[in-house]
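What follows is the residue order along each chain.
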Amino acid sequence: MKRLLLVIGLLILVSCCGKKESQPEEKQVTEKQQIAEKQVAEKEQVAEKKQMAEEKQIPEKQVAEKEPSNQAKIWNGPDFTLPTIDGETLTLSELSGKVIILDFWATWCPPCRMEIPDFIQLYSQYKDKGLLIIGLSLDESPDNVRQFKEKMGINYPIVMGNQKVTEDFGGIRGIPTTFIIDREGNIETKIVGYRSKEVFEKEIDSLLKE
């Protein structure tokens, strides 16, 4: 009987010791799981923040790609840089994006003077829609042209021409000679001699809508 009680006591003691020793192992496993889960959560947060930052940058990149640079402007026609009668310079290709009426004229030319009032009206009416009129004077003296501009109330720029620019535009054999130029510098129409305002309106109408 004493032996039986001794055996039972030993079994109980072994069982209790086993339970006490197993508790730290279970606790250690739980802590490792928590650390691992925390690391995974942190990685997910970092990845999410990175994705959000990239998504915010995409629209800015797209806008930047759509914005045209000055170097990318298209100009297919003849070009020039000429002095204005106001002491500045005007470069034709820098006006890319405008529909241009380029008028070769002179103050001593009666048909040229007849066109001036129509050009003044055209420019006032269509400048906000993208029209630019340039008077290219073949006079020798800019002072005479300046006085004529003030007298007539000309509201568009006037530059002083030379032989080179007349050659670049195929040779000017009579004035007025007027070129209609589209937004990319292509010469759409060449008109020699006087024309009414209605003729020019018809020529520029479709170009201004493009």
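Above this text is the structure in question.
What counts, and where the lines are drawn
Every chain is numbered independently, its residues counted from 1 as its sequence is written. In view of the model being predicted, local features appear only for residues whose pLDDT reaches at least 70, and side-chain atom pairs are presented and counted only at 80 or more, with totals across whole chains, interfaces and linings using the full set of residues. Derived side-chain values reflect all non-hydrogen atoms in the structure, with water molecules and hydrogen atoms excluded from consideration. Remark: exposure states derive from per-residue accessible area (1.4 Å probe, protein chains only) relative to the maximum for the residue type, with buried under 20%, exposed over 50%, and partly exposed in between. Helix numbers and strand numbers start at the N terminus; a helix is a DSSP run of H or I with at least 4 residues, a strand a run of E with at least 2. Crossover handedness is defined here as right-handed if the route from the first strand over the helix to the second strand goes clockwise, with the strands pointing away from the viewer. Stacked, tilted and edge-to-face are the three classes applied to pairs of Phe, Tyr and Trp rings, where Trp contributes its six-membered ring and a pair requires centres within 6.5 Å; stacked means planes under 30 degrees apart, edge-to-face means over 60, and tilted covers the rest. Pairing between strands is defined by DSSP: at least two bridges between the two strands are required.

Caption draft 1: Focus on the pairing of strand β4 (residues 131-137). Counting buried positions along β4 gives 7 out of 7 residues, so the element sits mostly inside the fold. Residues L131, I133, G135 and S137 line one face of β4 and the alternating positions L132, I134 and L136 line the opposite face, and both faces are buried. Considered for its hand, the β-α-β crossover made up of strand β3 (residues 99-105), helix α2 (residues 110-126) and β4 is right-handed. Note that the unit made of β4, helix α3 (residues 142-152) and strand β5 (residues 158-160) has a crossover that is right-handed.

Caption draft 2: Broad picture of the packing of aromatic side chains. Within the structure shown, the criterion is met by 8 aromatic pairs. Considering the side-chain rings of F104 and F179, the 5.7 Å spacing of their centres and the 70° angle between planes classify their relative orientation as edge-to-face. Residue F104 is found in strand β3, and its partner F179 is found in strand β6 (residues 177-181); the two are separated by 75 residues along the sequence. The two residues F104 and F179 agree in class, both being buried. Among the aromatic residues, ring-to-ring pairing joins F80, F104, F169 and F179 into one connected group.

Caption draft 3: Inspection of the pairing of β3 at higher detail. For β3, the tally of buried residues reaches 7 of 7 residues, placing the bulk of the element in the interior. Residue alternation in β3 divides its side chains into two sets, V99, I101, D103 and W105 and I100, L102 and F104, and both sets are buried. Of the pairings in the sheet, the one linking β3 to β4 comprises 7 bridges and is parallel in character. Note on β4: the bridge partner recorded for D103 is G135. For β3 and β6, the ladder comprises 5 bridges, and the chain directions are antiparallel. From the neighbouring strand, D103 faces β6, where its bridge partner is T178.

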